[in-house]
Amino acid sequence: MNIRHLARKNLTGNAQRYAAYFISCVFAVSIFFIYAQFILHPDVMYGDIQAGDAVRSGMISAQVIIVIFSVFFIAYSNSTFLQSRSKEFGLLSLFGMSKRQLRKLIYFEQTITSLLAIVLGLGIGTLFSKLFLMLMSAMLDTEAPIAFEFVPMAYVITGIGFIILFQTLTLLSFWKMRNQSVQSFLQDARKPKIMPRASLTLTIIALLFVGFGYFLAVTASLEYSFLLIFPILFFVVTGSYFLFSQGTVAAYKWLYKRNSLMKGPQLVTRTNILFRLKDYARMLFLTSTITAVVLTAAGTVYLTNEYMIDMVMDQTPASVTWLEEDASENEMLEPERAEAIIAAHDAEIDYSFNVEMLPADVSIAGEEGVAAAFPETNYNDIASHRGLDPLNLKEDEIFITSPILGFGTWGDIDNIEQLDMDMNGEQVTMDIAGTAEDAIVGPTNQGQIQVVMNDSSYLHFNNAQYADDEKFRSLGYHFVDWENEIEVSNALQEEAGDPILFQTMAPPFQALQQGFSLTLFIGLFVSVLFFIVQGSMLYLKLFTELEDTKKQLLSLNRIGITRKEAGKILGHKITFLFFVPLIVGAIHASFAYAMLANILDVNLFWSGIMVIAIYTVLQYLYYLITRHFYLKAAFR
């Protein structure tokens, strides 16, 4: 039997141990290839596709992330494999195998695995490229679907790139073995587990670091958010590492001393985990960090998407709205003409408004601003269609509403009780009865706030101070199926001919949705890769301990532990390894969501819960699969 034959036998004999690692590598190659296929596709390269450059940039960024992550994952896996095979290497050395032959054996094993992963990854990538191009065509709204083509350069870049990556990391793994002797190989395999030690000082420092990172996250404002990202990452990541390497040991030692927990299988479970915590610390830290990254990245994109859609809806009063600067005439668009265009497109109107408004200069905290006043009857009519609370204002009260409240001049509006107004020469001070950040009539892109007045007060100023050509008139129509009424919105805007005083809702909404759908779609593959890799690291760790586990089961059987109880002990260990990183990662991500909500000034609680819940379900499925195969292999 030569070394190549021995390498093949080792791989087939340990197929179950290599399975998760191999699948992760195949998936990484497939995703990289699919992205490369799209980036180098002739239709995308030569600008035949709208927004092709932006999508290519996003995919190139995703490819860089895949490569960086693959480096860490493969390096970690190689290190774990080599460590778990110390006894095997020691025995081979005793039988006369030289270090050169040992390195050759490992090299052949790694090369066969990597070549199979690359070939299979390219094959799977080719199969799914057509589906990917169809999905991209739908998202980019291309006139014709992007045709599938063999792009040789994509195969070359993916194949050669991953060969170089695997070969480099394999050769680097030999560096760790350079000074190991037969004795050290065998000692590594037989090294007894000792009671781990924990530093109370490092545990306290770790808690302070994580706590301070969380504090920075929840108190971050929009102004300083970008400056705080790296300090937050430093404190939370550093604190998490020491919490796993020191804090978990301290917590388990505390449990170890509690007599109530020293009964039956629980004693074996806790002792088993306690003596391996130092080994688990690095893996738990890595998997919890990956979990936090996946949850934070996926959640941030999803939550920002939700926020942007809400923002479009909040800042636009109706599906189409426009402002006539002279209320005495309809210079921009006649209502009759607008309704004819709406009827021609079969768009169903939910409600409409035609509101006369009085321009006014206002002064707030020494800053000058502009406002448009209209009566509460008009407000209440629109509010009844939009589910807003009606107003009942006194003659000296006003209600201020505008999406720009909270920004610039209007940043402290909630702390101000009165507003000084110049109603075309008549100075008046009104009590502020309330504020809202809704757009009621529009358009709202003029930087003016809208002031709702008691009907009597409005009538007074209207009759006393304003001629018809000094007033504004806001008109608008809201459609039942407003998200999809793009054609009628564009037709009305084209008829009006003013892109500033005419505002639509459906076209910017669809553009935002398309942009974020693409971001979600591109990021989805990378997130799935991260998820599979973190699960693979757990799977890898469990199966590299399989021989030790079998010995433990034999010992447990000798002292009377039944198979059912032994299954529970192993199940608790797997549960610990899978769900502790999930809990820690979810807590990290929750504070990231809190930071995002703080910056955007919105409530993202339920959206964040939904993202974490979806990830938990996927993690649970991975846990069930791993648990099934691990228990089956352990009791074999």
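Refer to the preceding data block for the structure.
Procedures and definitions
Residues numbered from 1 in each chain as written. Predicted model: local features only at pLDDT ≥ 70, side-chain atom pairs only at ≥ 80, totals over all residues. Heavy atoms only, no water. Helix = DSSP H or I, 4+ residues; strand = E, 2+ residues; numbered from the N terminus. Buried < 20%, exposed > 50% of the residue type's maximum accessible area, 1.4 Å probe, protein only. Contact = heavy atoms within 4.5 Å. Areas by Shrake-Rupley, 256 points an atom, 1.4 Å probe, with all protein chains shown as cover. 1 Å grid on protein atoms, 1.4 Å probe; cavity = no way out; pocket = protein on both sides within 12 Å on 5 of 7 lines; lining within 4 Å. Points joined across faces, edges and corners; volume = space filled by probe spheres on them. Nonpolar A, V, L, I, M, F, W, Y, C, P; charged D, E, K, R; others polar. Salt bridge = Lys/Arg side-chain N within 4 Å of Asp/Glu carboxyl O. Phe/Tyr/Trp six-rings, centres within 6.5 Å; stacked < 30°, edge-to-face > 60°. Lys NZ or Arg CZ within 6 Å of the ring centre and 35° of its normal. Core = buried A, V, L, I, M, F, W, Y, C linked by side-chain atoms within 4.5 Å. Domains from an automatic or database assignment. Axes fitted to C-alpha atoms, helices over the stretch in contact; angles between N-to-C directions. Parallel < 35°, antiparallel > 145°, perpendicular 65-115°, else oblique. Left-handed = near helix turned anticlockwise from the far one by under 90°. Polar contact = N/O pair within 3.5 Å; in protein donor to acceptor, adjacent residues only side chain to side chain. Patch = residues over 30% accessible without salt bridge, like charges linked within 9 Å, V, L, I, M, F, W, Y side chains within 5 Å. Lys, Arg positive; Asp, Glu negative; His and termini not counted. Charge placed at Lys NZ, Arg CZ, Asp CG, Glu CD. Pairing = 2+ DSSP bridges.

A.B. asks: Residue-level account of the overall build of the chain, with values.
C.D. replies: When helices and strands are counted, the chain shows 19 helices and nine strands. A total of 636 residues make up the chain; the buried ones form 48% of that total. Looking at the chain alone, contacts between residues at least 24 apart form 83% of all its contacts between residues at least 6 apart. Of the roughly 31200 Å² of accessible surface on the chain, 60% is carried by carbon and sulfur atoms.

A.B. asks: Tell me what's going on with empty space enclosed by the protein, and back it up with residues and numbers.
C.D. replies: Inspection of every chain in the model, using the stated rule, returns three cavities of 30 Å³ or more. Roughly 60 Å³ of internal volume is contained in the largest cavity. Every residue lining the largest cavity is listed: Ser-24, Cys-25, Ala-28, Phe-69, Ser-70, Phe-73, Ile-74, Phe-162, Phe-166, Leu-529 and Val-533. For the lining of the largest cavity, the elements supplying multiple residues, two or more each, are helix 2 (15-39), helix 4 (52-84), helix 7 (152-176) and helix 16 (506-544). Of the residues belonging to the lining of the largest cavity, the class tally is nine nonpolar, two polar and no charged.

A.B. asks: An account of the pattern of salt bridges is requested, with residue identities and associated values reported.
C.D. replies: Counted according to the given criterion, the structure contains three salt bridges. Across the pair Lys-471 and Glu-356 runs a salt bridge whose closest N-O atoms are separated by 3.5 Å. Taken as a pair, Lys-471 in the loop between helix 14 (455-465) and strand 8 (472-479) and Glu-356 in strand 2 (residues 349-364) lie far apart in primary sequence, 115 residues in all. Each of the salt bridges in this network shares a partner with another, and the network as a whole consists of Glu-356, Lys-471 and Arg-473.

A.B. asks: Can you lay out the packing of aromatic side chains for me, pointing to particular residues and giving the numbers?
C.D. replies: Tallying each qualifying case throughout the model produces 24 aromatic pairs. Taking 5.3 Å as the distance between ring centres and 85 degrees as the angle between the ring planes, the aromatic pair formed by Tyr-241 and Phe-285 counts as edge-to-face. Of the two residues, Tyr-241 is situated in helix 10 (residues 225-256) and Phe-285 in helix 11 (residues 264-315); the sequence distance between them amounts to 44 residues. Classification of Phe-285 by relative accessible area gives buried; the value is 13%. Note on Phe-579 and Tyr-623: the rings are 5.1 Å apart at their centroids and 65 degrees apart in plane angle, and the pair reads as edge-to-face. With a gap of 44 residues between them, Phe-579 in helix 18 (residues 563-600) and Tyr-623 in helix 19 (residues 605-634) connect regions that are remote in the sequence. Considered together, Phe-579 and Tyr-623 belong to a single accessibility category, that of buried residues. One aromatic cluster in this structure is built from Phe-209, Phe-212, Phe-215, Phe-234 and Phe-235. Between the NZ or CZ atom of Arg-563 and the centre of the ring of Phe-635, over which it lies, the distance is 4.3 Å.

A.B. asks: Could you give an account of the nonpolar core, with specific residues and numbers?
C.D. replies: Counting 95 residues, the largest nonpolar core has Tyr-21 and Tyr-35 as the members making the most contacts within it. Residue assignment places this core across two domains, with domain 1 (1-188) and domain 2 (264-318 + 498-635) each supplying three or more. Other than its neighbours up to four places away in sequence, Tyr-21 contacts Phe-73, Ile-74, Ser-77, Asn-78, Phe-81, Gln-110, Thr-113, Phe-166 and Leu-540. Counting residues in each nonpolar core, the second largest holds 40 residues, with Trp-322, Phe-399, Ile-440 and Trp-482 among its members.

A.B. asks: If you had to explain the packing of helix 12 (residues 335-344) against helix 15 (residues 486-496) to someone new, which residues and values would you point to?
C.D. replies: The N-to-C vectors of helix 12 and helix 15 enclose an angle of 150 degrees; their axes lie 10 Å apart at closest approach. With respect to each other, helix 12 and helix 15 are oriented roughly antiparallel. In this structure, helix 12 crosses over helix 15, and the sense of that crossing is right-handed. Of helix 15, the residues touching helix 12 (which contributes Arg-337, Ala-338, Ile-341 and Ile-342) are Val-488, Ala-491, Leu-492 and Glu-495. Among the residues making up the contact of helix 12 with helix 15, the classes are represented as six nonpolar, no polar and two charged.

A.B. asks: Could you give an account of the side chain of Thr-321, with specific residues and numbers?
C.D. replies: Mapped onto the fold, Thr-321 is located in strand 1 (residues 320-324). Residue classification places Thr-321 among the buried positions, given a relative accessible area of 0%. Among the polar contacts listed, one links the side chain of Thr-321 to the backbone oxygen of Leu-475, at a separation of 2.9 Å.

A.B. asks: Can you lay out a negative patch on the surface for me, pointing to particular residues and giving the numbers?
C.D. replies: Together, Asp-310, Asp-314, Asp-412, Asp-414, Glu-437 and Asp-601 make up a negatively charged patch on the protein surface. Note that Asp-601 resides in the loop between helix 18 and helix 19.

A.B. asks: Give me the lowdown on the pairing of strand 1, citing residues and values where you can.
C.D. replies: Across the five residues that make up strand 1, a large majority, five, are buried. Side chains of strand 1 alternate between two faces, with Val-320, Trp-322 and Glu-324 and Thr-321 and Leu-323 buried alike. Pairing of strand 1 with strand 8 involves five bridges; the strand directions are antiparallel. Residue Val-320 lies in a different strand from strand 8, and its bridge partner there is Tyr-477. Where strand 1 lies against strand 9 (residues 502-504), three bridges are found, and the strand directions are antiparallel.

A.B. asks: So what's going on with a nonpolar patch on the surface? Residues and values would help.
C.D. replies: On the surface, a cluster of nonpolar side chains totalling about 620 Å² of accessible area is made up of Met-610, Ile-614, Val-617, Leu-618, Tyr-620, Leu-621 and Leu-624. Exposure remark for Met-610: the relative accessible area of 37% places this residue in the partly exposed category.

A.B. asks: Can you explain the packing of helix 17 (residues 546-558) against helix 18? Please cite residues and give values.
C.D. replies: Between helix 17 and helix 18, the shortest axis-to-axis distance is 11 Å and the interhelical angle comes to 145 degrees. The way helix 17 lies across helix 18 gives a crossing that is right-handed. Residues Thr-549, Leu-553 and Leu-556 of helix 17 touch helix 18, and the partners they reach there are Ala-566, Ile-569, Leu-570 and Lys-573. Across the contact of helix 17 with helix 18, the residue classes break down as five nonpolar, one polar and one charged.

A.B. asks: With reference to specific residues and values, describe unusual backbone geometry.
C.D. replies: Although it is not a glycine, Asp-346 sits at a positive phi angle of roughly 55 degrees. Looking at where Asp-346 falls in the secondary structure, it is placed in the loop between helix 12 and strand 2.

As far as function goes, none of this settles anything; it's purely spatial.
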